[in-house]
Amino acid sequence: MRRYFSRKLLIYGLTFFVAVTVNWLIPRFMPGDPVAGMVARANVAQPEAVEAMRAYYNDLFGFDQPLWQQYVNFWGAMFRGDFGISIWLFPTPVSTVINGAVPYTLGLIIPSVLLSWVVGNRFGAYAARRKLLDNTVLPVGYVLTAMPYMWLAVLLAWALGVIAGLFPVAGGYSFSMRPNWSWTFVLDLLHHWTLPFLSLFLVALGGWAIGMRNMIIYELESDYSNYLSALGAPARLIRRYAFRNAVLPQITGLALQLGVLVAGALVTEIVFAYPGLGSLILKAIQNQDFFLLQGTFLFIVLGVLIANFIIDIVYVVVDPRTRAGMAGAQA
Amino acid sequence: MTTLQETEPREREGVRREALHFAVRNGKLMAGFGIVVVLLVLGLVGPLLAGGTPNDYGTRPMSPPSAEHWLGTTTFGQDIFLQFVHGLRATFLVGVIGGGIAAVIGMLVGFVAGYRGGAVDEVLNMLTNVILVIPTLAVLLIINAYLGIRSVAVQGLFIGLTQWPWAARAIRAQTFSLRTREFVDLARMSGSGTWRIISREIAPNMSSYLFMTFILLFGGAILIASSLDFIGLGPTEGVSLGLMLQNANQWSALQLGMWWWFVPPGAGITAIVGALYVANVGLDEVFNPKLRET
């Protein structure tokens, strides 16, 4: 078990290192000059002023230092929680801007991912080897997984928001309200949360149902299932054993899907103008706010790594083989 | 020796004919590929027949579908059908480039890691796992944001460079199970080199698996590209289905009730990707006798 965790931690450590390095490399080695871009945005005509601004920015970001020094400084600043200053919301620090958005994204993504996983697995397990259900669940599941997240979000917003008028289609709470902890505000928050949640939930649902259905069929064909049924065990019992075995790859699948799920949450937030990280990224891109974009990137990577680690722990709890140091989950 | 050489081509021919026999009788495969082919032809031929440039402003803005504009027009009077057929091209292109590059890298890494084993496998596997954990879209966001001018081809290139890890892992596992088989041992004993064994002995024995991996990578690349387009990091010129969705969202097609603006592009993407997935299940049934229903 120690080997399992140390290997996982090594991978996550390396991943974080690579992500930070990429984050540092891209702005410096991409074609184009961000400083020139920022100077150009300021619309200054006199050459002396342009020169002064260029010197100021070079000094501010430390571009005049040797590369290795810049790299070390970058790590240092990061550990101090200093991601720079947002250009879009000047002079708010990037970390403050991100901290304001993270709760909304987490509040959206955690319930939708967990619920879709649980419900999808139940559906899939139930549909496997049942002709009628299988013929309905499977096609619906394929259509749902093939849908781009933002399209289902747009369709839901159009049908339930604009036409039926049941739910608001923009924002995290009504514009007439200020965030506070009163009941009316919490209800309003939930009201705005429902549609983005529903669309994230639905798109992810299909994939889990299909995966579970295939796994159950595979398990029901295995030797232990045949043996049990030869002994005359009730089908319910065999299915229960099959489910416990089939759930393990689905847990691994959850870890593998995290990146896709986060991506889905980001675009869904953009559709609903939900004040999470997705909308932040959109604003950062529209305003050429690279500090904000890079800070958000690191936050997402960190969040995905932490989630991966939690899933690893869950896996150890669920699968006794990993505890005994046998194979089981592969890194 | 001579008898072996005589029977082998005939046997291979037989396997191919059997696969074809089941392929044309497989409803899922035929329906899936049928939809993809129809959309592909529409994308290839449509722009030639319809004529005109997709982003030209027209004289009748915001009109619903009619005989003149089959899918209506945007707020700026752009013809949505014209944008759609041009967008299909971009979408297929990004799928081919992104899926193709990812498949090639995934195969290289997977074959070498799985066949060589040992330290090579250890290093490649670590690399695969590291890139697997990094959320793809986040990396693509950063890269594309710093690219001043973006094109469909470059977008596909970067998608391919970030999408390969799961394919590499799957192919590595398959190679693992093949490399201890007798015919591989035989090839090794007769002095074949690593590349020859991989390309002549291992790859042909999992060609169906490789093809299905490519299909899934193709669909994945299309979905990621559409997300990137939607966030506003799509190609700077031209149209794609993702860009159409982005424009519709940006110019409040939703609030204005212009359903003909945002329904077709999303339906197009869903149809392509969904049809590919269904065709993939069909292919699985064709190549794997255990899964056949009859």
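Residues numbered from 1 in each chain as written. Chains lettered and ligands numbered in written order. Predicted model: local features only at pLDDT ≥ 70, side-chain atom pairs only at ≥ 80, totals over all residues. Heavy atoms only, no water.

Q: Which parts of the structure should I look at to understand the pattern of salt bridges?
A: Pairing between side chains of opposite charge can happen when the charged atoms of each approach one another. Residues and elements named next belong to chain B. Evaluation of the coordinates by the stated rule reveals 7 salt bridges over all chains. A salt bridge links arginine 172 to aspartate 121; the nearest nitrogen and oxygen atoms lie 2.7 Å apart. Of the two residues, arginine 172 sits in helix H7 (residues 165-178) while aspartate 121 sits in helix H4 (residues 118-133), which places them 51 residues apart along the sequence. Judged by relative accessible area, arginine 172 falls into the buried class, the value being 13%. (Salt bridge = Lys/Arg side-chain N within 4 Å of Asp/Glu carboxyl O. Helix = DSSP H or I, 4+ residues; strand = E, 2+ residues; numbered from the N terminus. Buried < 20%, exposed > 50% of the residue type's maximum accessible area, 1.4 Å probe, protein only.)

Q: I tried to follow helix H3 (residues 80-116) of chain B on my own but got confused; where do I start?
A: Helical geometry note: an α-helix holds 3.6 residues per turn, so side chains three or four residues apart project in the same direction. All names here are of chain B. With 37 residues, H3 should reach 54 Å at 1.5 Å per residue; the first-to-last C-alpha distance of 52 Å fits that figure. Counted residue by residue, H3 has 26 buried out of 37 residues, so it is predominantly covered. Between a side-chain oxygen at the N-terminus of H3 and the backbone nitrogen of leucine 82 the separation is 3.0 Å; the capping residue is aspartate 79. Glycine 117 sits one or two positions beyond H3 and adopts a positive phi of about 65°. (Expected span 1.5 Å × (residues − 1). Polar contact = N/O pair within 3.5 Å; in protein donor to acceptor, adjacent residues only side chain to side chain.)

Q: Explanation requested: the UniProt feature "domain: ABC transmembrane type-1" (unreviewed entry) in chain B in the structure shown.
A: Here the UniProt feature "domain: ABC transmembrane type-1" (unreviewed entry) sits at residues 88-282 of chain B. Here residues 88-282 of chain B runs as 84% helix and 0% strand, with 24 Å between its end C-alpha atoms. (UniProt positions renumbered as here; feature names shortened; annotations may be inferred.)

Q: Please clarify how the UniProt feature "transmembrane region" (unreviewed entry) in chain A should be interpreted in this entry.
A: All names here are of chain A. Per the UniProt entry, the sites bearing "transmembrane region" (unreviewed entry) are residues 9-26, 101-119, 140-170, 190-210, 254-277 and 297-318 in this numbering. In the segment residues 254-277, helix accounts for 83% and strand for 0%; the C-alpha atoms at its two ends are 21 Å apart. Secondary structure across residues 297-318 comprises 100% helix and 0% strand; the distance between its end C-alpha atoms is 31 Å.

Q: Would you mind showing me how to read the packing of aromatic side chains here?
A: A ring pair, where both rings are aromatic, is described by two values, the distance of the centres and the angle of the planes. Tallied over the full model, the rule gives 18 aromatic pairs over all chains. Relative to B:Phe218, the ring of B:Phe92 lies with its centre 6.3 Å away and its plane at 50°, an arrangement referred to as tilted. Residue B:Phe92 is found in helix H3, and its partner B:Phe218 is found in helix H10 (residues 207-233); the two are separated by 126 residues along the sequence. Just as B:Phe92 is buried, B:Phe218 falls in that class too. By way of ring pairs, the aromatic residues A:Tyr4, A:Phe5, A:Tyr12 and A:Phe309 are connected into one cluster. For the cation-ring pair, A:Arg130 lies above A:Tyr126, with the distance from its terminal atom to the ring centre recorded as 4.3 Å. Over the ring of B:Phe176 we find B:Arg172; its NZ or CZ atom is 4.9 Å from the centre of that ring. (Phe/Tyr/Trp six-rings, centres within 6.5 Å; stacked < 30°, edge-to-face > 60°. Lys NZ or Arg CZ within 6 Å of the ring centre and 35° of its normal.)

Q: When you look at the packing of H3(B) against helix H9 (residues 194-205) of chain B in this model, what are you seeing that I'm missing?
A: Axis angle and axis distance: for two packed helices, these are the angle between their axes and the distance between the axes, and together they describe the pair. Residue and element names in this part refer to chain B. The interhelical angle for the contact between H3 and H9, taken along N-to-C directions, is 105°, at an axis separation of 11 Å. Viewed along their axes, H3 and H9 adopt a mutual orientation that is roughly perpendicular. From H3, Leu108, Phe111, Val112, Tyr115 and Arg116 reach across to H9, where they touch Thr194, Trp195, Ile197, Ile198, Ile202 and Ala203. Within the contact of H3 with H9, the residues separate by chemical class into 9 nonpolar, 1 polar and 1 charged. (Axes fitted to C-alpha atoms, helices over the stretch in contact; angles between N-to-C directions. Parallel < 35°, antiparallel > 145°, perpendicular 65-115°, else oblique. Contact = heavy atoms within 4.5 Å. Nonpolar A, V, L, I, M, F, W, Y, C, P; charged D, E, K, R; others polar.)

Q: For this particular structure, what's the right way to read the interface of chain B and chain A?
A: Where the parts come together, the accessible area they lose is often given as the size of the interface. Facing 43 residues of chain B, the contacting portion of chain A comprises 47 residues. Interface area for chain B against chain A, summed over the two sides, is near 4,200 Å², with a carbon-plus-sulfur share of 79%. Considering only the side of chain B, the residues that lose the most area to chain A are B:Ile142, B:Tyr146 and B:Leu254, jointly responsible for 18% of the buried surface there. The closest approach of N and O atoms between A:Arg7 and B:Glu122, which form a salt bridge, is 3.2 Å. Summed over the shared surface of chain B and chain A, the number is 4 residue pairs in polar contact (both at pLDDT 80 or more). Going through the elements one at a time, H4, helix H5 (136-146), H10, helix H11 (241-250) and helix H12 (259-287) of chain B are the ones with two or more residues in the side of chain B that touches chain A. (Buried area = accessible area lost by both parts, 1.4 Å probe.)

Q: Just to check I follow, could you spell out the confidence of the model for chain B for this structure?
A: The predicted coordinates ought not to be read in detail in places where the model reports low pLDDT. Residue and element names in this part refer to chain B. When the pLDDT values of chain B are averaged, the result is 85; 94% of them are 70 or greater. For the stretch residues 1-7, pLDDT sits under 50, and the model shows 0 contacts to residues farther than four places along the chain or on other chains. Across the interface, the model reports ipTM at 0.85; the global pTM reads 0.87. (pLDDT = per-residue confidence, 0-100.)

Q: What should I look at first to understand empty space enclosed by the protein in this one?
A: Rolling a probe over the atoms, with the probe sized like a water molecule, indicates the empty space that remains. Residues and elements named next belong to chain B. Summed over the entire model, instances satisfying the criterion amount to 5 cavities of 30 Å³ or more. Empty space within the second largest cavity amounts to approximately 70 Å³. What lines the second largest cavity is a set of 14 residues, among which Thr91, Val94, Ala225, Asp229 and Ser240 lie closest to the centre. Of all the elements in the fold, those that place two or more residues in the lining of the second largest cavity are H3, helix H6 (152-163), H10 and H11. (1 Å grid on protein atoms, 1.4 Å probe; cavity = no way out; pocket = protein on both sides within 12 Å on 5 of 7 lines; lining within 4 Å. Points joined across faces, edges and corners; volume = space filled by probe spheres on them.)

Q: Help me understand the UniProt feature "domain: ABC transmembrane type-1" (unreviewed entry) in chain A in this model?
A: In the UniProt entry, the feature "domain: ABC transmembrane type-1" (unreviewed entry) is given for residues 102-311 of chain A. For residues 102-311 of chain A, the end-to-end C-alpha separation is 20 Å, with 82% helix and 0% strand making up the annotated structure.

Q: Help me out: how do you make sense of the nonpolar core in this one?
A: One broad trend across soluble globular proteins is that nonpolar side chains are buried collectively. Grouped together as the largest cluster of nonpolar side chains are 149 residues, with contacts concentrated most on A:Ile216 and B:Leu141. The dominant element in this core, judged by the number of residues it contributes, is helix H10 (residues 235-272) of chain A, at 19 residues. Not counting chain neighbours up to four residues away, the residues in contact with A:Ile216 comprise A:Ala125, A:Ala128, A:Arg239, A:Ala242, A:Phe243 and A:Ala246. One finds B:Ile171, B:Leu178, B:Val184 and B:Ile202 within the second-largest nonpolar core, a separate group that totals 12 residues. (Core = buried A, V, L, I, M, F, W, Y, C linked by side-chain atoms within 4.5 Å.)

Q: Help me understand the UniProt feature "transmembrane region" (unreviewed entry) in chain B, please; the structure alone is not making it clear to me.
A: Residues and elements named next belong to chain B. Residues given the UniProt feature "transmembrane region" (unreviewed entry) here are residues 29-50, 92-115, 127-147, 209-233 and 259-283. The span residues 29-50 shows a helical share of 100% and a strand share of 0%, and its end C-alpha atoms are spaced 30 Å apart. The annotated region residues 259-283 carries 100% helix and 0% strand content, and the separation between its end C-alpha atoms amounts to 35 Å.

Q: What is the right way to look at the environment of A:Pro93 in this model?
A: All names here are of chain A. Relative to the helices and strands, proline 93 is located in the loop between helix H4 (67-79) and helix H5 (94-127). The class of proline 93 is partly exposed, set by a relative accessible area of 36%. Placed 10 residues apart in sequence, proline 93 and phenylalanine 83 show a C-alpha to C-alpha distance of 7.3 Å. Apart from the residues within four sequence positions on either side, proline 93 is in contact with Gly84, Ile85 and Ser86.

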